[in-house]
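Here are the chains, one letter per residue:
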Amino acid sequence: MATGWDPNQAEVVIGTSSGAFAAAMVRGGRLDLEAFVGDARDREEVSERLRNYVFRRGRPRGAVRWLRRGVLPALRRPDLTLTLGSPGLYRTDGIAEWVEDALGPAADTWPTNPTVIVAYDLERRIRAPFGTEGAPEVALKHAVAASVAVPFVFEPYRIDGSWYADGGVATGTSADLLLANVEPLDLVIVVAPLAASEPRPGARFYEDIFDRAGRLALSAELEELHRTWPDTDVLVLRPDDRVLAAARPNPMSAHAAIPAFMRTLRSLKDELSHHETWEMLSSHLVTKAV
């Protein structure tokens, strides 16, 4: 809105978890309010629309899967993989349907321009970057549904007999995957909602844990990016305390979507007003009159 730049012109788009849905909307030319709110007329209708797509009730199942792929490996090496394969109250079929409703036939294909949707392969216990040469070929809607399958909240998503969970299990942004591009990029924009710089207001212990993990993972990726592409400009956008306050304690709350969105707009307006930020973006994105 500020620069007049169409994000679909980005040479590479990478999306993880909720960012996977945003990436699909970018590549499908549907990064607009209608894709998110439809014909809803007020906050309650928006919340209901989101709940209908995002929180499709499932039947808690998969205890054996969780034991084999999460609990037992985590006992041998304690880490966040304890969550892998865990049963969930909801399923992500509705999110696949949302992508299909928004993008039509494009949801059953893959974008022409370089696009990566990151999930986590439960069987191989590795990051699964759909859209890259080493990953299985899947429909865009299925890749998104796999990438957003947050452990304990959603059931893992099954594609061609394999189970996948939220790509954030490995890393929240996967910015390091950009380095597979043939040429260095001139500008990298990283949206990192789970790598806040400041503690969340009134945060519960698990919120700070996830933020610290997100910051550490992102820091390592950015170091690699700067080391490999020293001339690339990098802008990292993180939530400020206003956005965090609206999103806590549950960043997945459908009811909090509008307040968090409005505060995000205000936060980004402030970020763009910083001289260094605007100078960087305008030098790359603002179309200059000839």
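Draft legend 1. View of the overall build of the chain. Of the regular secondary structure elements, the chain holds ten helices and nine strands. For 290 residues, the compact-globule formula gives about 19 Å, and the C-alpha radius of gyration of the chain, at 19 Å, lands near that figure. In terms of its C-alpha atoms, the chain occupies a principal-axis envelope of roughly 65 × 45 × 45 Å. By the burial criterion, 42% of the 290 residues in the chain qualify as buried. Sequence separation of at least 24 residues holds for 68% of the intrachain contacts in the chain that already meet a minimum separation of 6.

Draft legend 2. Highlighting helix H3 (residues 43–54). Here H3 is twelve residues long and its end C-alpha atoms lie 16 Å apart, about the 16 Å a rise of 1.5 Å per residue gives. Of all the positions in H3, only Val46, Ser47, Arg49, Leu50, Tyr53 and Val54 are classed as buried. The buried residues of H3 all sit within an arc of 160 degrees when viewed along its axis, so they share a single face. Tucked inside the fold, the buried residues of H3 contact helix H2 (33–37), strand S2 (56–57), strand S3 (90–91), helix H5 (93–103) and helix H9 (257–273).

Draft legend 3. Representation of the nonpolar core within the structure. Of all hydrophobic cores here, the largest spans 39 residues; its most connected members are Leu103, Phe130 and Val144. Of all the elements in the fold, those that place two or more residues in this core are helix H1 (18–27), H3, H5, strand S4 (115–121), strand S5 (126–130), helix H6 (140–147) and strand S6 (157–159). Within the second largest apolar cluster, twelve residues are counted, among which are Val12, Leu185, Ala195 and Leu225.

Draft legend 4. Broad picture of the pairing of S5. Relative to S5, S4 runs antiparallel, the two sharing five bridges. Along S5, the bridge assignment pairs Tyr120 with Arg127. Linkage of S4 to S5, two consecutive antiparallel strands, is achieved through a turn of four residues, within which Arg125 is found at a positive phi near 55 degrees.

Draft legend 5. Layout of the pattern of salt bridges. Counted by the stated rule, this structure contains ten salt bridges. Across the pair Glu45 and Arg41 runs a salt bridge, and its minimum N-O distance is 3.0 Å. The exposure class assigned to Arg41 is exposed, which follows from its relative accessible area of 74%. Here Glu48 ties to Arg51 by a salt bridge, and the two come within 3.3 Å at their closest N and O atoms. Residue Glu48 and its partner Arg51 are located together in helix H3, separated by three residues, close to a single helical turn. It is possible to trace a salt-bridge network through shared partners that takes in Glu100, Asp108 and Lys141.

Draft legend 6. How the structure looks around the side chain of Ser147. Checked against the element boundaries, Ser147 lands in helix H6. On the basis of relative accessible area, Ser147 is assigned to the buried category, the value being 0%. Side-chain polar atoms of Ser147 contact the backbone nitrogen of Ser17, separated by 2.8 Å. Apart from residues lying up to four places away in sequence, Ser147 is in contact with Gly15, Thr16, Ser17, Ala20, Ile117, Val118, Ala119, Ala165, Asp166 and Gly167.

Draft legend 7. Fine view of the layout of surface pockets. In this structure, the second largest pocket encloses a volume near 310 Å³. Tallied by class, the residues present in the lining of the second largest pocket amount to seven nonpolar, five polar and one charged.

Draft legend 8. Local environment of the packing of H3 against H5. Interaxial distance between H3 and H5 falls to 6 Å at its minimum, and their mutual angle equals 115 degrees. Here H5 runs roughly perpendicular to H3, going by the angle between their axes. Contacts between H3 and H5 pair Arg49, Leu50, Tyr53 and Val54 from the former with Gly94, Ile95, Glu97, Trp98 and Asp101 from the latter. A breakdown of the residues in the contact of H3 with H5 according to their chemical character gives five nonpolar, one polar and three charged.

Draft legend 9. View of the packing of aromatic side chains. Applying the stated criterion across every chain, the model contains eight aromatic pairs. Relative to Trp98, the ring of Phe21 has its centre 4.3 Å away and its plane inclined at 45 degrees; by these criteria the two rings are tilted. Of this pair, Phe21 sits in helix H1 while Trp98 sits in helix H5, and the two are 77 residues apart along the sequence. Overall, Phe21 belongs to the buried group, its relative accessible area being 7%. Pairing Tyr53 with Trp98 gives two aromatic rings, centres 5.0 Å apart and planes at 5 degrees, and the pair type is stacked. Residue Tyr53 is found in helix H3, and its partner Trp98 is found in helix H5; the two are separated by 45 residues along the sequence. Tyr53 sits in the buried class, given a relative accessible area of 12%. Here Trp98 falls in the buried class, since its relative accessible area comes to 6%. An aromatic cluster of at least three residues, connected via ring pairs, comprises Phe21, Phe36, Tyr53 and Trp98.

Criteria and cut-off values
Residues numbered from 1 in each chain as written. Predicted model: local features only at pLDDT ≥ 70, side-chain atom pairs only at ≥ 80, totals over all residues. Heavy atoms only, no water. Helix = DSSP H or I, 4+ residues; strand = E, 2+ residues; numbered from the N terminus. Rg over C-alpha atoms; globule rule 2.2 N^0.38 Å. Buried < 20%, exposed > 50% of the residue type's maximum accessible area, 1.4 Å probe, protein only. Contact = heavy atoms within 4.5 Å. Expected span 1.5 Å × (residues − 1). Arc of directions from axis to C-beta. Core = buried A, V, L, I, M, F, W, Y, C linked by side-chain atoms within 4.5 Å. Pairing = 2+ DSSP bridges. Salt bridge = Lys/Arg side-chain N within 4 Å of Asp/Glu carboxyl O. Polar contact = N/O pair within 3.5 Å; in protein donor to acceptor, adjacent residues only side chain to side chain. 1 Å grid on protein atoms, 1.4 Å probe; cavity = no way out; pocket = protein on both sides within 12 Å on 5 of 7 lines; lining within 4 Å. Points joined across faces, edges and corners; volume = space filled by probe spheres on them. Nonpolar A, V, L, I, M, F, W, Y, C, P; charged D, E, K, R; others polar. Axes fitted to C-alpha atoms, helices over the stretch in contact; angles between N-to-C directions. Parallel < 35°, antiparallel > 145°, perpendicular 65-115°, else oblique. Phe/Tyr/Trp six-rings, centres within 6.5 Å; stacked < 30°, edge-to-face > 60°.

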